[in-house]
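Now for the letters of each chain:
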Amino acid sequence: EALRLRSEESEQAETIKKVKEEYGEYVALMGNIPCCSILMEGTEQKVYDYALQECLDGGYDRRFILSGDCDLSPLTPDENIVAAVRAAKDAEKILF
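What you see as residue numbers is a count from 1 along each chain, following the sequence as written. Residue-level local features of this predicted model are given only where pLDDT is at least 70; pairs of side-chain atoms are given and counted only at 80 or more, and the full residue set underlies all totals for whole chains, interfaces and linings. The side-chain values count all of the structure's non-hydrogen atoms but skip hydrogen atoms and water molecules.

Further remarks concern the state of the cysteines. The rule for a disulfide is simple: a pair of cysteine sulfur atoms within 2.5 Å. This model, assessed by the stated rule, comprises 0 disulfides. Lacking any disulfide linkage, Cys-70 is separated from the closest cysteine sulfur, that of Cys-35, by 6.0 Å. Relative accessible area serves as the criterion here: at 53%, Cys-70 is assigned to the exposed category. Whether a residue is buried, partly exposed or exposed follows from its accessible area with a 1.4 Å probe, protein chains only, as a fraction of its type maximum: under 20%, in between, or over 50%, in that order.

Structure representation (structure tokens):
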């Protein structure tokens, strides 16, 4: 079964943490960068910071897939996608 989470941006990291604490040994999580407000409209630094925190909160046990929270707009700047990938790679170095 799939568990889908929705929350306000400011609460997202806390939500990932809470779900990971409660269900972490049973599930892998995927998410959850807001595609519009962060990926499409945010700065490279904002995308990087958000993605890094998501990875650190959800990926400490290697059961986390970093992704957007919805479809990725073709208007999303390439540098923001690169920033998210860079954050995931940096989180891997920090965690493992």
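The next thing to look at is the pattern of salt bridges. Between Lys or Arg on one side and Asp or Glu on the other, a salt bridge is scored when a side-chain nitrogen of the former is within 4 Å of a carboxyl oxygen of the latter. Per the stated rule, a full pass over the model turns up 2 salt bridges. Lys-20 is the salt-bridge partner of Asp-61, the closest N and O atoms lying 2.9 Å from each other. Of this pair, Asp-61 sits in the loop between α3 (44-58) and β2 (64-68) while Lys-20 sits in helix α1 (residues 12-23), placing them 41 residues apart in sequence. Under the relative-accessibility criterion, Asp-61 is labelled partly exposed at 22%. In this structure, the salt-bridge partner of Arg-63 is Asp-61, at a minimum N-O distance of 3.3 Å. Judged by relative accessible area, which is 30%, Arg-63 ranks as partly exposed. One continuous salt-bridge network, built from bridges that share partners, spans Lys-20, Asp-61 and Arg-63. Secondary structure follows DSSP: runs of H or I at least 4 residues long count as helices, runs of E at least 2 residues long count as strands, and numbering of each begins at the N terminus.

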